[in-house]
Amino acid sequence: MGGMPLNDMPWWRWRSNVRSALHMLSDPAFQQETWLAGRPGYGDVTDAVYRLVEDTWLDNWSAEKYIGTIFRDAQEAQLVDVAVLRVLRIMHQVGADAPVAAYMAHQGWPEAVHAAREAHVQLAAADGEDPDAAPRSLEVLAIMTGQAEAPA
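Conventions we followed
- Each chain has its residues counted from 1, following the order in which its sequence is written.
- The model is predicted, so local features are restricted to residues of pLDDT at least 70 and side-chain atom pairs to those at 80 or more, both for listing and for counting; the totals for chains, interfaces and linings are taken over all residues.
- Here the side-chain values reflect all heavy atoms present in the structure, with hydrogen atoms and water set aside.
- Counting from the N terminus, the helices are the DSSP runs of H or I reaching at least four residues and the strands are the DSSP runs of E reaching at least two.
- Residue burial is assigned from relative accessible area. The probe radius is 1.4 Å, only protein chains are included, and a residue is buried under 20% of its type maximum, exposed over 50%, and partly exposed in between.
- Polar contacts, as counted here, are pairs of nitrogen or oxygen atoms within 3.5 Å of one another; within protein the pair requires one atom able to donate a hydrogen and one able to accept it, and residues that are adjacent in sequence qualify only if both atoms are side-chain atoms.
- By definition in these notes, contact holds between two residues if any of their heavy atoms fall within 4.5 Å.
- By this rule, a helix spans an expected 1.5 Å times one less than how many residues it contains.
- By nonpolar core is meant a set of buried Ala, Val, Leu, Ile, Met, Phe, Trp, Tyr and Cys residues that side-chain atoms within 4.5 Å join together.
- Lining residues are defined by having an atom within 4 Å of a point belonging to a cavity or pocket. Those points lie on a 1 Å grid over the protein atoms alone, cavities being sets where a 1.4 Å probe fits but cannot get out and pockets being open sets with protein on both sides within 12 Å along at least five of seven lines.
- Grid points are joined across faces, edges and corners, and a volume is the space filled by probe spheres set on the points.
- Within 6.5 Å between ring centres, the rings of Phe, Tyr and Trp (the latter by its six-membered ring) count as paired, and their orientation is classed by plane angle as stacked under 30 degrees, edge-to-face over 60, tilted in between.
- For this document, the term salt bridge refers to a Lys or Arg side-chain nitrogen within 4 Å of an Asp or Glu carboxyl oxygen.

S.K.: Can you tell me about unusual backbone geometry, naming the residues and giving the values?
M.R.: With phi around 60°, W57 is a residue other than glycine that occupies positive phi space. Among the structural elements, W57 can be located in the loop between α3 (45-53) and α4 (74-94). With relative accessibility at 35%, the residue W57 sits in the partly exposed group.

This is how it looks when you write it as structure tokens:
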């Protein structure tokens, strides 16, 4: 795999995490009603960015490395790269632990939201899902990816 990190997480789980992050980052109404309002179960901007880059290392290299695994084609990869770069630029400027309002007030936030939306729509459509459906909670994402803890 030429320098890619070894991880036992199947590619579809990586795609699910990337899609979840892009979905939340691309939806201004969700950000107002959930993140800004402090609604539990959906994390915050930092959580979304972490899901976007944690396993994929998209903060270190291009999504092109994952064409044929996480991403279907160069168009998906290019859209994801643009979204990642715009969101990370803001994160580095406001700080990873900044409140949601600081992200949303940043002059580059509308462009980051737009880039995330373009990537989200492309990935959702390719997976046969409605890009306008509400983002799933982190609990639902964990269940979908088999990462939910078993009851004690």
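S.K.: Describe the environment of G108, with residues and values.
M.R.: When you line up the elements, G108 lands in the loop between α5 (100-105) and α6 (109-126). It is 8.7 Å that separates the C-alpha atoms of G108 and V87, two residues lying 21 residues apart in sequence.

S.K.: Break down the side chain of H120 for me, with residues and values.
M.R.: Tracing the backbone shows H120 in helix α6. A distance of 2.8 Å separates a polar atom in the side chain of H120 from the backbone oxygen of P131. The residues contacting H120, other than those within four sequence positions of it, are R19, L22, H23, S26 and P131.

S.K.: Tell me about the environment of T145, residues and numbers included.
M.R.: Tracing the chain through its elements places T145 in the segment after α7 (138-144). Spatially, the C-alpha atom of T145 lies 5.5 Å from that of R13, the residues being 132 residues apart in sequence. Contacts of T145, omitting those with residues within four sequence positions, involve W12, R13 and S16.

S.K.: Describe helix α1 (residues 11-25), listing the residues and the values that go with them.
M.R.: The end-to-end C-alpha distance of α1, which contains 15 residues, comes to 21 Å, matching closely the 21 Å that a straight helix rising 1.5 Å per residue would cover. With twelve of 15 residues buried, α1 is to be regarded as a mostly interior element. Summarising the contacts, the buried residues of α1 are in contact with α2 (28-36), α3, α4, α6 and α7.

S.K.: Got a sec to walk through the nonpolar core? Specific residues and values, please.
M.R.: A general feature of soluble globular proteins is that nonpolar side chains tend to end up buried together. By size, the foremost hydrophobic cluster in this structure holds 40 residues, and its most contacted members are L22, L25, W35, F71, V80 and W109. Those elements that provide at least two residues to this core are α1, α2, α3, α4, α5 and α6. Per-element tally for this core: the top contributor is α4, with nine residues.

S.K.: Quick rundown of the layout of surface pockets? Include the residues and the values.
M.R.: Here the largest pocket defines a volume of roughly 240 Å³. Lining the largest pocket are 15 residues; nearest its centre among them are R19, S20, H23, E129 and R136.

S.K.: Describe the packing of aromatic side chains, listing the residues and the values that go with them.
M.R.: Under the counting rule described, the total for this entry stands at seven aromatic pairs. For the pair W11 and W14, a centre-to-centre distance of 4.7 Å together with 75° between the ring planes defines the contact as edge-to-face. Of this pair, W11 and W14 both sit in helix α1, three residues apart, roughly one helical turn. On the accessibility criterion, W11 (26% relative accessible area) is partly exposed. Ring geometry for W14 and Y66: centres 5.8 Å apart, planes at 75°, overall edge-to-face. Here W14 is found in helix α1, whereas its partner Y66 is found in the loop between α3 and α4, with 52 residues between them in sequence.

S.K.: An account of the pattern of salt bridges is requested, with residue identities and associated values reported.
M.R.: Evaluation of the coordinates by the stated rule reveals seven salt bridges. Residue E129 pairs with R136 through a salt bridge whose shortest N-O separation is 3.4 Å. Given the relative accessible area of 28%, E129 is considered partly exposed.

S.K.: I'd love a proper account of α4, names of residues and values included.
M.R.: Over its 21 residues, α4 extends 30 Å from the first C-alpha to the last, a length consistent with the 30 Å expected when each residue adds 1.5 Å. Contacts made by the buried residues of α4 are with α1, α3, α5 and α6. The backbone nitrogen of Q75 lies 3.2 Å from a side-chain oxygen of the residue at the head of α4, namely D73. Two residues or fewer past α4, G95 is found with a positive phi of approximately 100°.

It is worth stressing that arrangement in space is one thing and function is another; only the former is reported here.
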